[in-house]
Amino acid sequence: MSDQEHGFDTLAIHAGAAPDPATGARATPIYQTTSFVFEDTQHAADLFALRAFGNIYTRIMNPTQAVLESKVAALEGGTAALAVSSGHAAQLLVFHGLMQPGDEFVAARQLYGGSINQFNQSFKAFGWNVVWADAEDPASFEKALSEKTKAIFIESIANPGGRITDIAAIAKVAQKAGVPLIVDNTLATPYLCKPLDHGANIVVHSLTKFMGGHGNSMGGVVVDGGNFDWTTGDKYPLLSEPNPSYNGMILYETFGNIAFAIALRVLGLRDLGPAISPTNAFNILTGMETLSLRMQRHCDNALKVAQWLKEQDTVWWVNYAGLKDDKHHDLAKKYCPNGAGAVFTFGLKGGYEMGVKVVSNVRLLSHLANVGDTRSLIIHPASTTHSQLSPKQLELAGATPDVVRLSIGIEDANDIIADLDQAMSA
Ligand SMILES: *Cc1c(COP(=O)(O)O)cnc(C)c1O
């Protein structure tokens, strides 16, 4: 099947997948094996020297994982992808491929709380230094650049605020600086937004969320846009210098527009080890077949809930870019024309205490730390996901004490609204 000729919904089902050559199985089998038999010694040697593509060991590559990778690459419009054990593992491998100790990257302050922790704590310990910028102000990224900058990192729809980032404006800054723009597209999914079409170079996802979509499996993925020139200067030695573990091969020379994905697999995944399990890859693949249907329902329900919240006396404000009078509505129309996603925040007049009360009183909604489930989810970031941040960081991340975050599921919208209604008036 030529992926280029088919529409998005067809790709979500068929891209990367074919009947199993050994058995004819129509669904992608779970290749629950750690290792693969070599045809002969020459084949083994070729695989290890990267002269031939093929399966060796499931830490590096597995056929179920490979279908997932091809499908995500096709949906995002990238040249190749690498699936790993979680969204955080995907971010770790991306920066491992770009950074040397002492290097810097610029990131939007408005990010998933876990990413803020990862960048501020663990990445700092590796000598990879984050410099924060303001997603609402593309010029702030330019100001944050230095000679040591190796990348820019943003989210398309920012968690938890539900804000829409002006990807094209920040891509211009990255292009001028000669560094790749990495976009975390977890909350949008390629059904709502395709960052590579707006100038991004690398896309990452937590597949744990809307892509898998059923709240049952962890996964992450890196998509190589195939549109960045890794030979610029000596900035990216992993790509542009002879590699000692592959007989001096220069990965960019050998692999061209899939070199970044290859480097992350044969160096990052090989050495750091966060492989996705074949069973989780299968679960996520199954979820992705209904991505369009689910995302449209998620967005339609989210808009109905946001419109209802807006009319409530107990609600101070609603921050949902799908609302016509929202300050991000124009950005939403440009970047997410099918809908503004299903994760957004609102502010309660009763502040911290009222936030805690509402999450305690819900019955249909689940109080937990996740997004992108079929089920509707609710959390009070200031007392949970963002509780490690300072008051200043809370404010900058859009997670002040009055904020409640919703991830609207695909139940009946009226039932979601009725549950919020009883929880807020209890
Ligand atoms: C959940 C999430 C992550 C981290 O993904 P895990 O699969 O939990 O490791 C990264 N970015 C965003 C926007 C997320 O929502």
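**A closer look at the site of the ligand**
In step 1: Taken together, 14 residues form the shell around the ligand, and within it Gly-87, Asp-184, Ser-206, Thr-208 and Lys-209 come nearest.
In step 2: Contacts to the ligand include Asp-184, whose side-chain N or O atom sits 2.6 Å from a nitrogen atom.
In step 3: Taking Thr-208, its side chain carries an N or O atom lying 2.7 Å from an oxygen atom of the ligand.
In step 4: Relative to its unbound accessible surface of 380 Å², the ligand loses 94% to contact with the protein.
In step 5: If you tally residues by element for the shell around the ligand, the top one is helix α4 (residues 87-98), at three residues.
In step 6: Of the residues in the shell around the ligand, the class split is two nonpolar, nine polar and three charged.

**Some details on the pattern of salt bridges**
In step 1: Tallied over the entire structure, the rule returns ten salt bridges.
In step 2: Lys-150 is the salt-bridge partner of Asp-103, the closest N and O atoms lying 2.8 Å from each other. In this pair, Asp-103 is assigned in the loop between α4 and β2 (104-108) and Lys-150 in strand β4 (residues 149-155), connecting sequence segments 47 residues apart. There is no split in this pair, since Asp-103 and Lys-150 are both buried.

**Remarks on the domain arrangement of the chain**
In step 1: Taken as a whole, the chain is organised into domain 1 (8-287) and domain 2 (291-425).
In step 2: Taking only C-alpha atoms into account, the centre of domain 1 sits 28 Å from that of domain 2.
In step 3: Taken over both partners, the interface formed by domain 1 and domain 2 buries close to 3,300 Å², and the fraction arising from carbon and sulfur atoms is 59%.
In step 4: The tally of links from domain 1 across to domain 2 stands at one salt bridge.
In step 5: In this structure, the salt-bridge partner of Lys-327 is Glu-136, at a minimum N-O distance of 3.7 Å.
In step 6: Applying the counting criterion to the domain 1 and domain 2 interface returns eleven residue pairs in polar contact (both at pLDDT 80 or more).
In step 7: For the side of domain 1 that touches domain 2, the element with the highest residue contribution is helix α5 (residues 113-125), accounting for four residues.
In step 8: The residue makeup of the side of domain 1 that touches domain 2, split by class, is 17 nonpolar, 15 polar and six charged.

**Regarding the packing of helix α13 (residues 291-310) against helix α17 (residues 413-425)**
In step 1: It is the contact of α13 with α17, at a shortest axis distance of 9 Å, that shows an interaxial angle of 35°. Relative to α17, α13 is oriented so that their crossing is right-handed. Residues Asn-301, Lys-304, Val-305, Trp-308 and Leu-309 of α13 touch α17, and the partners they reach there are Ala-413, Ile-416, Ile-417, Leu-420, Asp-421 and Met-424.
In step 2: Across the contact of α13 with α17, the residue classes break down as eight nonpolar, one polar and two charged.

**Description of the environment of Ala-188**
In step 1: Among the secondary structure elements, Ala-188 is positioned in the loop between β7 (181-184) and α8 (189-192).
In step 2: On the basis of relative accessibility, which here comes to 0%, the residue Ala-188 falls in the buried class.
In step 3: Sequence separation between Ala-188 and Ile-157 is 31 residues; the distance between their C-alpha atoms is 6.0 Å.

**Describing unusual backbone geometry**
In step 1: Located in the positive-phi region is Leu-50, a residue other than glycine, with phi close to 65°.
In step 2: Here Leu-50 shows up in the loop between α2 (41-48) and α3 (63-76).
In step 3: Taking relative accessible area as the criterion, Leu-50 reaches 17% and is therefore assigned buried.
In step 4: For Asn-247, which is not glycine, the phi torsion reads 50° and is therefore positive.

**A look at the pairing of strand β11 (residues 343-348)**
In step 1: Where burial is concerned, most of β11 is hidden: six out of the six residues are buried.
In step 2: Across the two faces of β11 the burial is the same, with Val-343, Thr-345 and Gly-347 and Phe-344, Phe-346 and Leu-348 all buried.
In step 3: Looking at chain direction, strand β10 (residues 315-319) and β11 are connected through four bridges and run antiparallel. Looking at the pairing, Val-315 lines up with Leu-348 of β11.
In step 4: Summarising the sheet, β11 and strand β14 (residues 403-407) pair through five bridges and their orientation is antiparallel. Looking at the pairing, Phe-344 lines up with Leu-406 of β14.

**Description of the environment of Asn-247**
In step 1: With respect to the helices and strands, the residue Asn-247 is situated in the loop between α9 (237-240) and α10 (251-255).
In step 2: Each C-alpha atom of the pair Asn-247 and Ser-70 lies 28 Å from the other, and the pair is 177 residues apart in sequence.

**With respect to the sheet that holds β14**
In step 1: Pairing in this open sheet of five strands is mixed, and the strands run β10-β11-β14-β13-β12 from one edge to the other. Two strands lie at the open edges of the sheet, namely β10 and β12 (366-367), each paired on one side alone.
In step 2: Strand contacts of helix α15 (residues 351-361): β11, β12, β13 (377-379) and β14, with the helix running at about 125° to β11, the strand carrying the most contacts.

**Observations regarding the state of the cysteines**
In step 1: Taken as a whole, this structure holds zero disulfides when the rule is applied.
In step 2: No disulfide involves Cys-299; its nearest neighbouring cysteine sulfur is the one of Cys-336, lying 8.0 Å away.

Parameters and conventions
Residues numbered from 1 in each chain as written. Predicted model: local features only at pLDDT ≥ 70, side-chain atom pairs only at ≥ 80, totals over all residues. Heavy atoms only, no water. Near = heavy atom within 4 Å. Polar contact = N/O pair within 3.5 Å; in protein donor to acceptor, adjacent residues only side chain to side chain. Areas by Shrake-Rupley, 256 points an atom, 1.4 Å probe, with all protein chains shown as cover. Helix = DSSP H or I, 4+ residues; strand = E, 2+ residues; numbered from the N terminus. Nonpolar A, V, L, I, M, F, W, Y, C, P; charged D, E, K, R; others polar. Salt bridge = Lys/Arg side-chain N within 4 Å of Asp/Glu carboxyl O. Buried < 20%, exposed > 50% of the residue type's maximum accessible area, 1.4 Å probe, protein only. Domains from an automatic or database assignment. Buried area = accessible area lost by both parts, 1.4 Å probe. Axes fitted to C-alpha atoms, helices over the stretch in contact; angles between N-to-C directions. Left-handed = near helix turned anticlockwise from the far one by under 90°. Contact = heavy atoms within 4.5 Å. Pairing = 2+ DSSP bridges. Disulfide = S-S within 2.5 Å.

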